[in-house]
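So you can see what is in the structure, the chains are spelled out below.
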Amino acid sequence: MSKDDAEILVQLIATFRLEAAEHLQAMNATLLKLEKGKDADESLPLIENMFREAHSLKGAARAVDANFIESISHGLESVFAAAKRQKITLTLAHYDLLYESLDQISSNLGSSDDEQDSDEMLKVMCSRL
(Lines give C-alpha, C1' and ligand atoms only; values in the text may rest on other atoms or scores of the structure.)
Protein backbone atom coordinates (compact mmCIF):
# COMPACT_ATOMS: atom_id res chain seq x y z
CA MET A 1 0.00 0.00 0.00
CA SER A 2 1.35 3.38 -0.95
CA LYS A 3 1.68 6.23 1.50
CA ASP A 4 -1.17 8.07 -0.25
CA ASP A 5 -3.42 4.99 -0.02
CA ALA A 6 -2.64 4.63 3.68
CA GLU A 7 -3.48 8.29 4.29
CA ILE A 8 -6.78 7.92 2.44
CA LEU A 9 -7.62 4.85 4.50
CA VAL A 10 -6.85 6.68 7.75
CA GLN A 11 -9.11 9.57 6.64
CA LEU A 12 -11.87 7.17 5.61
CA ILE A 13 -11.81 5.43 8.97
CA ALA A 14 -11.77 8.74 10.84
CA THR A 15 -14.76 9.91 8.81
CA PHE A 16 -16.54 6.64 9.51
CA ARG A 17 -15.96 7.02 13.25
CA LEU A 18 -17.44 10.53 13.21
CA GLU A 19 -20.41 9.45 11.12
CA ALA A 20 -20.99 6.38 13.31
CA ALA A 21 -20.91 8.53 16.45
CA GLU A 22 -23.56 10.82 14.92
CA HIS A 23 -25.76 7.83 14.05
CA LEU A 24 -25.36 6.44 17.57
CA GLN A 25 -26.27 9.76 19.15
CA ALA A 26 -29.37 10.04 16.98
CA MET A 27 -30.34 6.43 17.64
CA ASN A 28 -29.98 6.75 21.41
CA ALA A 29 -32.11 9.91 21.45
CA THR A 30 -34.77 8.38 19.20
CA LEU A 31 -34.82 5.12 21.14
CA LEU A 32 -35.42 7.05 24.36
CA LYS A 33 -38.36 8.91 22.75
CA LEU A 34 -39.71 5.64 21.38
CA GLU A 35 -39.47 3.94 24.75
CA LYS A 36 -41.37 6.81 26.44
CA GLY A 37 -43.97 7.06 23.66
CA LYS A 38 -47.47 5.86 24.35
CA ASP A 39 -49.33 5.53 21.08
CA ALA A 40 -48.63 3.81 17.78
CA ASP A 41 -49.13 6.98 15.71
CA GLU A 42 -46.22 8.60 17.58
CA SER A 43 -44.11 5.47 17.44
CA LEU A 44 -44.19 4.70 13.73
CA PRO A 45 -42.11 7.71 12.58
CA LEU A 46 -39.60 6.98 15.36
CA ILE A 47 -39.37 3.33 14.34
CA GLU A 48 -38.85 4.40 10.73
CA ASN A 49 -36.10 6.79 11.85
CA MET A 50 -34.37 4.04 13.84
CA PHE A 51 -34.57 1.74 10.81
CA ARG A 52 -32.96 4.36 8.54
CA GLU A 53 -30.22 5.17 11.06
CA ALA A 54 -29.38 1.48 11.49
CA HIS A 55 -29.40 0.98 7.72
CA SER A 56 -27.08 3.94 7.17
CA LEU A 57 -24.72 2.80 9.91
CA LYS A 58 -24.67 -0.70 8.44
CA GLY A 59 -23.70 0.64 5.02
CA ALA A 60 -20.99 2.89 6.42
CA ALA A 61 -19.56 0.00 8.46
CA ARG A 62 -19.55 -2.24 5.41
CA ALA A 63 -17.58 0.38 3.49
CA VAL A 64 -14.72 0.24 6.00
CA ASP A 65 -14.93 -3.50 6.77
CA ALA A 66 -16.15 -2.89 10.33
CA ASN A 67 -17.79 -6.32 10.40
CA PHE A 68 -18.91 -6.30 14.05
CA ILE A 69 -20.62 -2.92 13.69
CA GLU A 70 -22.14 -3.98 10.38
CA SER A 71 -23.55 -7.15 11.95
CA ILE A 72 -25.03 -5.42 14.97
CA SER A 73 -26.47 -2.68 12.74
CA HIS A 74 -28.04 -5.32 10.53
CA GLY A 75 -29.66 -6.86 13.61
CA LEU A 76 -30.97 -3.47 14.70
CA GLU A 77 -32.29 -2.86 11.21
CA SER A 78 -34.10 -6.23 11.29
CA VAL A 79 -35.73 -5.47 14.64
CA PHE A 80 -37.04 -2.13 13.41
CA ALA A 81 -38.16 -3.61 10.09
CA ALA A 82 -40.25 -6.13 12.04
CA ALA A 83 -41.60 -3.37 14.28
CA LYS A 84 -42.53 -1.29 11.21
CA ARG A 85 -44.49 -4.24 9.83
CA GLN A 86 -46.04 -4.74 13.28
CA LYS A 87 -44.66 -8.28 13.45
CA ILE A 88 -43.26 -7.46 16.90
CA THR A 89 -44.15 -5.04 19.65
CA LEU A 90 -41.13 -3.65 21.43
CA THR A 91 -40.97 -4.67 25.09
CA LEU A 92 -38.76 -3.63 27.97
CA ALA A 93 -36.49 -6.62 27.20
CA HIS A 94 -36.16 -5.39 23.59
CA TYR A 95 -35.25 -1.90 24.75
CA ASP A 96 -32.60 -3.27 27.12
CA LEU A 97 -31.03 -5.26 24.30
CA LEU A 98 -31.27 -2.35 21.85
CA TYR A 99 -29.50 -0.01 24.26
CA GLU A 100 -26.88 -2.67 24.93
CA SER A 101 -26.37 -3.09 21.19
CA LEU A 102 -25.78 0.64 20.77
CA ASP A 103 -23.36 0.57 23.70
CA GLN A 104 -21.46 -2.31 22.13
CA ILE A 105 -21.15 -0.45 18.84
CA SER A 106 -19.92 2.61 20.71
CA SER A 107 -17.38 0.55 22.64
CA ASN A 108 -16.20 -1.13 19.48
CA LEU A 109 -15.68 2.25 17.81
CA GLY A 110 -13.44 3.36 20.63
CA SER A 111 -11.42 0.19 21.05
CA SER A 112 -8.84 -1.82 19.19
CA ASP A 113 -10.24 -5.19 20.31
CA ASP A 114 -9.38 -7.96 17.96
CA GLU A 115 -11.93 -9.54 15.65
CA GLN A 116 -12.21 -12.67 17.79
CA ASP A 117 -13.46 -10.69 20.80
CA SER A 118 -15.94 -8.85 18.59
CA ASP A 119 -17.22 -12.11 17.09
CA GLU A 120 -17.69 -13.60 20.56
CA MET A 121 -19.72 -10.57 21.72
CA LEU A 122 -21.87 -10.83 18.59
CA LYS A 123 -22.62 -14.50 19.34
CA VAL A 124 -23.59 -13.67 22.91
CA MET A 125 -25.86 -10.82 21.88
CA CYS A 126 -27.54 -12.80 19.09
CA SER A 127 -28.21 -15.72 21.44
CA ARG A 128 -30.22 -13.36 23.65
CA LEU A 129 -32.69 -12.40 20.90
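Residues numbered from 1 in each chain as written. Predicted model: local features only at pLDDT ≥ 70, side-chain atom pairs only at ≥ 80, totals over all residues. Heavy atoms only, no water.

Draft legend 1. Region of the structure containing the pattern of salt bridges. Per the stated rule, a full pass over the model turns up four salt bridges. We note a salt bridge from arginine 52 to glutamate 48, for which the minimum N-O separation is 3.5 Å. Of the two residues, arginine 52 and glutamate 48 are both situated in helix H2 (residues 40–63); the distance of four residues between them amounts to about one turn of the helix. With a relative accessible area of 26%, glutamate 48 lands in the partly exposed category. The partner of glutamate 77 in a salt bridge is lysine 58, and the shortest N-O contact between them spans 2.7 Å. Remark: lysine 58 occurs in helix H2 and glutamate 77 occurs in helix H3 (residues 67–84); sequence separation between them is 19 residues. Taken as a pair, glutamate 77 and lysine 58 share a single burial class, namely buried. (Salt bridge = Lys/Arg side-chain N within 4 Å of Asp/Glu carboxyl O. Helix = DSSP H or I, 4+ residues; strand = E, 2+ residues; numbered from the N terminus. Buried < 20%, exposed > 50% of the residue type's maximum accessible area, 1.4 Å probe, protein only.)

Draft legend 2. Just a nonpolar patch on the surface, in detail. On the surface, Leu9, Leu12 and Ile13 cluster together to form a nonpolar patch covering roughly 220 Å² of accessible area. Within the secondary structure, isoleucine 13 is located in helix H1 (residues 3–36). (Patch = residues over 30% accessible without salt bridge, like charges linked within 9 Å, V, L, I, M, F, W, Y side chains within 5 Å. Areas by Shrake-Rupley, 256 points an atom, 1.4 Å probe, with all protein chains shown as cover.)

Draft legend 3. Fine view of the environment of alanine 29. Residue position: alanine 29 is located in helix H1. Given a relative accessible area of 39%, alanine 29 falls into the partly exposed group. The spacing of alanine 29 and methionine 50 is 21 residues in sequence and 9.9 Å in space, taken between C-alpha atoms.

Draft legend 4. Just H2, in detail. In this model H2 runs 34 Å from its N-terminal to its C-terminal C-alpha over 24 residues, within 8% of the 34 Å that 1.5 Å per residue would give. Looking only at H2, the buried set comprises Ser43, Leu46, Ile47, Met50, Phe51, Glu53, Ala54, Leu57, Lys58, Ala60 and Ala61. Against the buried residues of H2 lie H1, H3 and helix H4 (92–109). Aspartate 65 lies just past H2 and shows a positive phi near 60 degrees. (Expected span 1.5 Å × (residues − 1). Contact = heavy atoms within 4.5 Å.)

Draft legend 5. Summary view of the packing of aromatic side chains. For the structure on display, the rule yields zero aromatic pairs. Above the ring of phenylalanine 51, the side-chain terminus of lysine 84 is found at 4.0 Å from the ring centroid. (Phe/Tyr/Trp six-rings, centres within 6.5 Å; stacked < 30°, edge-to-face > 60°. Lys NZ or Arg CZ within 6 Å of the ring centre and 35° of its normal.)

Draft legend 6. Local environment of the confidence of the model for the protein. On average, the protein scores 86 in pLDDT, and the residues at 70 or more come to 84%. In the model, residues 113–118 has pLDDT below 50 throughout and makes four contacts with residues more than four positions away in sequence or in other chains. (pLDDT = per-residue confidence, 0-100.)

Draft legend 7. Region of the structure containing the nonpolar core. Counting residues in hydrophobic clusters, the biggest one holds 30 residues, and the most contacted among them are Phe16, Leu31, Leu34, Leu57, Ile69, Leu76 and Phe80. Every element with two or more residues in this core is listed here: H1, H2, H3 and H4. (Core = buried A, V, L, I, M, F, W, Y, C linked by side-chain atoms within 4.5 Å.)

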